[in-house]
Amino acid sequence: MKTFLILSVALLSASPALARMQRDPGALLADADANGDGVITRAEFQQSRAARFDKADRNHDGAVSRDDFKRLARFRPDAAERLNALIAEADANGDGRVTRDEIAKAPMPMFDRADVNQDGKVDQAELAAFKTKAAELRKQR
Ligand SMILES: [Ca+2]
Ligand SMILES: [Ca+2]
Ligand SMILES: [Ca+2]
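The rules we used
Each chain carries its own residue numbering, running from 1 in the written order of its sequence. Here the convention is simple: chains get letters from A, ligands get numbers from 1, in the order in which they are written. Reporting in this predicted model follows two pLDDT cut-offs: at least 70 for local features of residues, and 80 or more for side-chain atom pairs to be given and counted; totals over whole chains, interfaces and linings ignore these cut-offs and use all residues. By convention in this description, side-chain values take in all heavy atoms of the structure and omit both hydrogens and water. Only N, O and S atoms count as donors, using a 2.8 Å cut-off from the metal and 3.2 Å for Na, K and Ca, and because water is excluded some sites may appear unfinished. Working rule for geometry: tetrahedral if four donors all subtend angles between 85 and 135 degrees; square planar for four, octahedral for six, if opposite donors exceed 155 degrees and the others stay between 65 and 115; irregular in every other situation. Residues enter a nonpolar core if they are buried and are Ala, Val, Leu, Ile, Met, Phe, Trp, Tyr or Cys, with the set joined through side-chain atoms within 4.5 Å. For the exposure calls, accessible area comes from a 1.4 Å probe over protein chains only, and a residue counts as buried if that area is under 20% of its type's maximum, exposed if over 50%, partly exposed in between. Each helix is a run of H or I in the DSSP string that is no shorter than four residues. Each strand is a run of E no shorter than two, and both are numbered from the N terminus. We call two residues in contact whenever any of their non-hydrogen atoms come within 4.5 Å of each other. The span expected for a helix works out to 1.5 Å for each residue beyond the first.

1. Points about the coordination of the calcium ion (ligand 3)
- Those donors, Asp115 (OD), Asn117 (OD1), Asp119 (OD), Lys121 (O), Glu126 (OE) and Glu126 (OE), are the protein atoms that reach the calcium ion (ligand 3), and they lie 2.2 to 2.5 Å from it.
- Taken together, the six donor atoms surrounding the calcium ion (ligand 3) define angles of 53 to 160° at the centre, an arrangement classified as irregular.
- For the calcium ion (ligand 3), the single-chain donor residues occur in sequence as D-x1-N-x1-D-x1-K-x4-E.

2. Observations regarding the nonpolar core
- Counting 14 residues, the largest nonpolar core has Phe69, Leu72, Leu83, Val98 and Ile103 as the members making the most contacts within it.
- Broken down by element, this core gets its largest block of residues, six residues, from helix H6 (residues 77–90).
- Aside from chain neighbours lying at most four places away, what touches Val98 is Phe53, Gly62, Ala63, Val64, Ile87, Ala90, Asp91 and Ile103.
- Counting residues in each nonpolar core, the second largest holds 12 residues, with Leu28, Met108, Met110 and Phe111 among its members.

3. Regarding helix H4 (residues 42–56)
- The end-to-end C-alpha separation of H4 is 21 Å, in line with the 21 Å expected for 15 residues at 1.5 Å each.
- Within the sequence span of H4, burial applies to Glu44, Phe45, Ser48, Arg49, Arg52, Phe53 and Ala56.

4. Regarding the coordination of the calcium ion (ligand 2)
- Around the calcium ion (ligand 2), the protein contributes the donor atoms Asp57 (OD), Asn59 (OD1), Asp61 (OD), Ala63 (O), Asp68 (OD) and Asp68 (OD), which lie 2.2 to 2.5 Å from the metal centre.
- The site at the calcium ion (ligand 2) holds six donor atoms, and with the angles between them running 53 to 162°, its shape is irregular.
- When the donors of the calcium ion (ligand 2) are listed by position in the chain, the intervening gaps give D-x1-N-x1-D-x1-A-x4-D.
- On the basis of relative accessibility, which here comes to 40%, the residue Asn59 falls in the partly exposed class.

5. Some thoughts on the environment of Phe69
- Assignment of secondary structure puts Phe69 in the loop between strand E2 (63–64) and helix H5 (70–75).
- Here Phe69 falls in the buried class, since its relative accessible area comes to 4%.
- A C-alpha to C-alpha distance of 6.5 Å links Phe69 and Ala80, two positions 11 residues apart in sequence.
- Ignoring sequence-local partners within four residues, the contact set of Phe69 consists of Ala80, Leu83, Asn84 and Ile87.

6. Concerning unusual backbone geometry
- You will see that His60, though not glycine, has its phi angle at about 50°, which is positive.
- Within the secondary structure, His60 sits in the loop between H4 and E2.
- Of note, Gln118 is a non-glycine position whose phi angle comes to about 50°, a positive value.
- Structurally, the position occupied by Gln118 is in the loop between helix H8 (109–114) and strand E4 (121–122).

This is how it looks when you write it as C-alpha coordinates:
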(Lines give C-alpha, C1' and ligand atoms only; values in the text may rest on other atoms or scores of the structure.)
(Ligands and ions follow the chains in the order given, each with its own letter.)
Protein backbone atom coordinates (compact mmCIF):
# COMPACT_ATOMS: atom_id res chain seq x y z
CA MET A 1 0.00 0.00 0.00
CA LYS A 2 2.76 2.34 0.94
CA THR A 3 4.57 1.68 -2.32
CA PHE A 4 1.40 2.33 -4.23
CA LEU A 5 0.99 5.72 -2.56
CA ILE A 6 4.54 6.75 -3.31
CA LEU A 7 4.13 5.68 -6.90
CA SER A 8 0.92 7.68 -7.28
CA VAL A 9 2.56 10.78 -5.92
CA ALA A 10 5.46 10.33 -8.30
CA LEU A 11 3.10 9.94 -11.22
CA LEU A 12 1.06 12.95 -10.25
CA SER A 13 4.08 15.19 -9.87
CA ALA A 14 5.47 14.16 -13.26
CA SER A 15 4.80 17.10 -15.52
CA PRO A 16 1.75 16.57 -17.73
CA ALA A 17 3.32 19.08 -20.05
CA LEU A 18 6.30 16.87 -20.66
CA ALA A 19 4.08 13.90 -21.31
CA ARG A 20 2.18 15.98 -23.81
CA MET A 21 5.29 17.15 -25.59
CA GLN A 22 6.47 13.58 -25.73
CA ARG A 23 3.22 12.78 -27.46
CA ASP A 24 3.79 15.34 -30.19
CA PRO A 25 7.38 16.52 -30.12
CA GLY A 26 7.60 16.72 -33.91
CA ALA A 27 5.21 19.67 -34.04
CA LEU A 28 7.54 21.80 -31.95
CA LEU A 29 10.39 21.12 -34.32
CA ALA A 30 8.32 21.72 -37.44
CA ASP A 31 7.07 25.02 -35.98
CA ALA A 32 10.64 26.26 -35.68
CA ASP A 33 11.23 26.37 -39.44
CA ALA A 34 11.13 30.16 -39.63
CA ASN A 35 12.11 30.60 -43.28
CA GLY A 36 9.95 27.68 -44.40
CA ASP A 37 12.65 25.88 -46.36
CA GLY A 38 11.78 22.56 -44.78
CA VAL A 39 15.04 22.44 -42.83
CA ILE A 40 15.22 23.37 -39.17
CA THR A 41 18.61 24.68 -38.18
CA ARG A 42 19.93 24.83 -34.62
CA ALA A 43 19.67 28.62 -34.82
CA GLU A 44 16.05 28.44 -35.94
CA PHE A 45 15.20 26.08 -33.12
CA GLN A 46 16.97 28.31 -30.62
CA GLN A 47 15.19 31.37 -31.97
CA SER A 48 11.79 29.75 -31.76
CA ARG A 49 12.56 28.84 -28.19
CA ALA A 50 13.57 32.44 -27.43
CA ALA A 51 10.34 33.64 -29.05
CA ARG A 52 8.35 31.27 -26.87
CA PHE A 53 10.28 32.66 -23.92
CA ASP A 54 9.39 36.27 -24.76
CA LYS A 55 5.73 35.41 -25.10
CA ALA A 56 5.79 33.44 -21.90
CA ASP A 57 7.33 36.19 -19.75
CA ARG A 58 4.03 37.95 -19.24
CA ASN A 59 5.03 40.08 -16.27
CA HIS A 60 8.27 41.06 -18.06
CA ASP A 61 10.61 40.41 -15.17
CA GLY A 62 13.11 38.72 -17.46
CA ALA A 63 12.33 35.22 -16.30
CA VAL A 64 9.63 32.69 -17.05
CA SER A 65 8.03 31.13 -14.02
CA ARG A 66 4.65 29.89 -12.93
CA ASP A 67 3.78 33.46 -11.89
CA ASP A 68 3.60 34.32 -15.57
CA PHE A 69 0.78 31.99 -16.39
CA LYS A 70 -1.52 31.74 -13.41
CA ARG A 71 -4.42 33.02 -15.46
CA LEU A 72 -3.38 31.30 -18.63
CA ALA A 73 -3.54 27.97 -16.83
CA ARG A 74 -7.24 28.51 -16.30
CA PHE A 75 -8.18 29.63 -19.79
CA ARG A 76 -5.60 27.95 -22.00
CA PRO A 77 -4.42 24.81 -20.21
CA ASP A 78 -2.73 23.58 -23.38
CA ALA A 79 -0.59 26.70 -23.63
CA ALA A 80 0.19 26.54 -19.93
CA GLU A 81 1.34 22.97 -20.34
CA ARG A 82 3.74 24.01 -23.05
CA LEU A 83 5.19 26.69 -20.83
CA ASN A 84 5.58 24.18 -18.03
CA ALA A 85 7.57 21.99 -20.34
CA LEU A 86 9.67 24.91 -21.46
CA ILE A 87 10.55 25.67 -17.86
CA ALA A 88 11.31 22.06 -17.04
CA GLU A 89 13.60 21.85 -20.04
CA ALA A 90 15.67 24.94 -19.38
CA ASP A 91 15.65 25.56 -15.62
CA ALA A 92 19.33 24.86 -15.03
CA ASN A 93 19.50 25.76 -11.31
CA GLY A 94 16.08 24.29 -10.55
CA ASP A 95 14.58 27.37 -8.89
CA GLY A 96 11.44 27.19 -11.03
CA ARG A 97 12.41 30.33 -12.94
CA VAL A 98 14.00 30.32 -16.34
CA THR A 99 16.04 33.39 -17.14
CA ARG A 100 17.02 34.60 -20.60
CA ASP A 101 20.52 33.40 -19.89
CA GLU A 102 19.32 29.91 -19.01
CA ILE A 103 17.17 29.65 -22.11
CA ALA A 104 20.10 30.63 -24.31
CA LYS A 105 22.37 28.01 -22.75
CA ALA A 106 19.82 25.26 -22.30
CA PRO A 107 20.59 22.01 -24.08
CA MET A 108 18.32 20.96 -26.91
CA PRO A 109 17.95 17.22 -26.39
CA MET A 110 14.96 17.02 -28.70
CA PHE A 111 16.82 18.73 -31.51
CA ASP A 112 19.88 16.58 -30.95
CA ARG A 113 17.79 13.42 -31.05
CA ALA A 114 16.15 14.47 -34.31
CA ASP A 115 19.43 15.54 -35.95
CA VAL A 116 20.60 12.01 -36.58
CA ASN A 117 23.64 12.84 -38.73
CA GLN A 118 24.55 15.73 -36.37
CA ASP A 119 25.07 18.34 -39.06
CA GLY A 120 23.23 20.97 -37.01
CA LYS A 121 20.11 20.77 -39.18
CA VAL A 122 16.97 18.72 -39.05
CA ASP A 123 15.88 18.09 -42.63
CA GLN A 124 12.58 16.66 -43.85
CA ALA A 125 13.80 13.07 -43.77
CA GLU A 126 15.09 13.45 -40.22
CA LEU A 127 11.91 15.19 -39.13
CA ALA A 128 9.79 12.42 -40.66
CA ALA A 129 11.92 9.75 -38.98
CA PHE A 130 11.65 11.59 -35.68
CA LYS A 131 7.87 11.81 -35.98
CA THR A 132 7.62 8.12 -36.84
CA LYS A 133 9.73 7.23 -33.84
CA ALA A 134 7.60 9.42 -31.60
CA ALA A 135 4.43 7.79 -32.95
CA GLU A 136 5.86 4.33 -32.27
CA LEU A 137 6.70 5.27 -28.70
CA ARG A 138 3.16 6.55 -28.37
CA LYS A 139 1.73 3.22 -29.49
CA GLN A 140 3.83 1.29 -26.99
CA ARG A 141 2.15 3.08 -24.11
CA1 LIG B 1 14.59 26.66 -42.02
CA1 LIG C 1 8.14 36.55 -15.65
CA1 LIG D 1 20.78 16.59 -39.76
